[in-house]
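A structural walkthrough
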Amino acid sequence: MSNTSWNHTTTSDEVATTLSSHIRGKTILVTGISPDGLGLDFCRAIAPHSPALLILAARNPEKISASQTYLANLFPSLPLKPLVVDLSSLSSVRSAAAEINDSVEKVDVLVNNAAMHAHTLSRSVDGIEMSFATNHLGHFLLTNLLLNGAMKNGGRVVNVTSNSFRRGGIVWDDPNFLNTPFGEGWEAYSQSKTSNVLFSAALAEKFGSKGVYSYSLHPGLINTAMAKKMDMDDFAVRFNVNLQWKSFAQGTATHVVAAFDPAIEPQNGQFLADCQVKPVTGDEAAWATGKENWERLWKLSEDFVKEEFP
Ligand SMILES: NC(=O)c1ccc[n+]([C@@H]2O[C@H](COP(=O)([O-])OP(=O)(O)OC[C@H]3O[C@@H](n4cnc5c(N)ncnc54)[C@H](OP(=O)(O)O)[C@@H]3O)[C@@H](O)[C@H]2O)c1
């Protein structure tokens, strides 16, 4: 259990200060570090605590450069490494993983933070529905390739999900939306975000004995680039959600807990929100928990990426 006083108002700066000794000396790879996003704010919060190296991964080199400049201005001696990766492209993910495995001795923490919400049906270069390709399959492949390389001795894998996983699970009979109506993409987004939750459970079960710890988390509602692209009033009405906004630093506090807090190790594989482990219960437990679900997703993911990861 993490610090019981931490909650939805706690900031990443507060958590990072408490966990400073667990950040020091670590190499951390974060996906989706564009300006105006949670990935970069997570980096900002942990940067003062002397990580060995921050690997900044995103698809757009100009955005990586802008984020790198932002961090370098705040923390001139912070070791940074840019990593261009398009998570929707299996070949791009393979190249990026090879680059890290060849050039970095060890990654201690992988934060799979990047995501997108496809509002219309579109497919990746590999012919896969875009939300599933980007949010889950790219991270599935990246993680497994690193677990065979720079993370072969274990480490933490954080999968940033969203409470959207509570609205629906994997569309098992048509995960690639070949025949299923796509609408505005909410079913596909929920599918990808359920996958993030199941992926953490799978990693804990399959690799926990080898020193792999994995957690999924919901950051809360934060006015990032992704949120700005959505009509949040419509979202609130459609899903009967009370819009309780968090600041960026409140939004990334749970990232820091999931990435570094040793107190949650006994709860390997679990979901977190508001800085606390919150086991998934309710109707959504039927699709977002359980060995049958994560084993089935693992096999489905191997089929899509055309590689087995026993
Ligand atoms: N903000 C919220 O209220 C909220 C709520 C629940 C969950 N979340 C989760 O929090 C995480 C961070 O989201 P955010 O709100 O910070 O959104 P964001 O600012 O849009 O950040 C998402 C990041 O993912 C990157 N990305 C998208 N497609 C990619 C691809 N194909 N390859 C590589 N990178 C790609 C984006 O790059 P570009 O800049 O190039 O697009 C960006 O860097 C996501 O997992 C999201 O689901 C956020």
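Please refer to the structure placed before this passage.
Residues numbered from 1 in each chain as written. Predicted model: local features only at pLDDT ≥ 70, side-chain atom pairs only at ≥ 80, totals over all residues. Heavy atoms only, no water.

We now examine the site of the ligand. For the ligand, the set of nearby residues contains 29 residues, the closest of which are S34, L38, R59, K63 and T224. At a separation of 3.4 Å, an oxygen atom of the ligand approaches a polar backbone atom of D36. Taking D86, its side chain carries an N or O atom lying 2.9 Å from a nitrogen atom of the ligand. Against a free-state accessible area of 880 Å², the protein chains account for coverage of 95% of the ligand. Secondary structure elements with two or more residues in the shell around the ligand: helix 7 (186-207), strand 7 (221-222) and helix 8 (225-228). (Near = heavy atom within 4 Å. Polar contact = N/O pair within 3.5 Å; in protein donor to acceptor, adjacent residues only side chain to side chain. Areas by Shrake-Rupley, 256 points an atom, 1.4 Å probe, with all protein chains shown as cover. Helix = DSSP H or I, 4+ residues; strand = E, 2+ residues; numbered from the N terminus.)

Let us look at the side chain of E302. Structurally, the position occupied by E302 is in helix 13 (residues 291-305). Of the side chains with opposite charge, K299 lies nearest to the buried E302, which makes no salt bridge, at 5.2 Å. The residues contacting E302, other than those within four sequence positions of it, are F140, E307, E308, F309 and P310. (Buried < 20%, exposed > 50% of the residue type's maximum accessible area, 1.4 Å probe, protein only. Lys, Arg positive; Asp, Glu negative; His and termini not counted. Salt bridge = Lys/Arg side-chain N within 4 Å of Asp/Glu carboxyl O. Contact = heavy atoms within 4.5 Å.)

This part takes up the pattern of salt bridges. Two side chains carrying opposite charge are able to pair once their charged atoms lie near each other. Within the structure shown, the criterion is met by eleven salt bridges. A salt bridge links R94 to E307; the nearest nitrogen and oxygen atoms lie 2.6 Å apart. Linking R94 in helix 5 (residues 90-103) with E307 in the segment after helix 13, this pair joins segments that are 213 residues apart in sequence. Its relative accessible area of 26% is what places E307 among the partly exposed residues. The partner of E295 in a salt bridge is K291, and the shortest N-O contact between them spans 3.9 Å. Highlighted residues: E295 and K291, both in helix 13, separated by four residues, approximately one helical turn. Linked through salt bridges whose partners overlap, the residues forming this network are D13, D41 and R44.

Relative to the 26 Å expected for 18 residues at 1.5 Å per residue, helix 6 (residues 130-147) spans 24 Å between its end C-alpha atoms, a close match to the ideal helical length. At L137, helix 6 shows its maximal kink, close to 35 degrees. Here helix 6 lies mainly inside the structure; 18 of its 18 residues are buried. The backbone nitrogen of S131 has a side-chain oxygen 3.0 Å away, supplied by the residue at the start of helix 6, namely E129. (Expected span 1.5 Å × (residues − 1). Bend = angle between axes of the 7 residues up to and from the residue.)

Sheet strands pair via backbone hydrogen bonds, and the direction of the pair is either parallel or antiparallel. With mixed pairing, eight strands are arranged side by side in an open sheet as 3-2-1-4-5-6-9-10. Edge positions in the sheet fall to strand 3 (80-84) and strand 10 (276-277), since each of these pairs with one other strand and no more. As paired strands, strand 2 (residues 53-58) and strand 3 are joined by five bridges and run parallel to one another. Bridge pairing in strand 3 links A58 to V84. On top of the sheet, helix 4 (residues 61-74) reaches strand 2 and strand 3; it is set at about 165 degrees to strand 3, its chief contact. Its contacts with the sheet put helix 6 on strand 1 (27-31), strand 4 (109-112), strand 5 (155-160) and strand 6 (212-218), and the angle it makes with strand 4 is roughly 170 degrees. (Pairing = 2+ DSSP bridges. Axes fitted to C-alpha atoms, helices over the stretch in contact; angles between N-to-C directions.)

The next point concerns the packing of aromatic side chains. Under the criterion given, the structure shown has ten aromatic pairs. Ring plane angle 10 degrees and centroid distance 6.3 Å describe the contact between F42 and F260, whose orientation is recorded as stacked. Residue F42 is found in helix 3 (residues 38-46), and its partner F260 is found in helix 11 (residues 253-260); the two are separated by 218 residues along the sequence. Accessibility classification places F42 together with F260 in one group, the buried group. Ring geometry for F199 versus W298: centroids 5.9 Å apart, planes at 45 degrees, classification tilted. (Phe/Tyr/Trp six-rings, centres within 6.5 Å; stacked < 30°, edge-to-face > 60°.)

This next bit is on the environment of F182. For F182, the position within the fold is in the loop between strand 5 and helix 7. Contact partners of F182, with chain neighbours within four places excluded, come to A118, H119, T120, L121, E129, F177 and A188.

Bringing the packing of helix 3 against helix 11 into the picture now. Where helix 3 contacts helix 11, the axes come no closer than 9 Å and their chain directions differ by 65 degrees. Here helix 11 runs roughly perpendicular to helix 3, going by the angle between their axes. Both helix 3 and helix 11 take part in a crossing whose hand is right-handed. Residue-level contacts link L38, F42 and I46 of helix 3 to H255, V256, A259 and F260 of helix 11. Along the lines of polarity and charge, the residues of the contact of helix 3 with helix 11 split into six nonpolar, one polar and no charged. (Parallel < 35°, antiparallel > 145°, perpendicular 65-115°, else oblique. Left-handed = near helix turned anticlockwise from the far one by under 90°. Nonpolar A, V, L, I, M, F, W, Y, C, P; charged D, E, K, R; others polar.)

The next thing to look at is unusual backbone geometry. The backbone phi angle of S50 is positive, close to 55 degrees, even though this residue is not glycine. Relative to the elements of secondary structure, S50 occurs in the loop between helix 3 and strand 2. We note that C275 has phi near 70 degrees; this positive angle belongs to a residue other than glycine.

The quantities given are spatial measurements derived from coordinates; they are silent on function.
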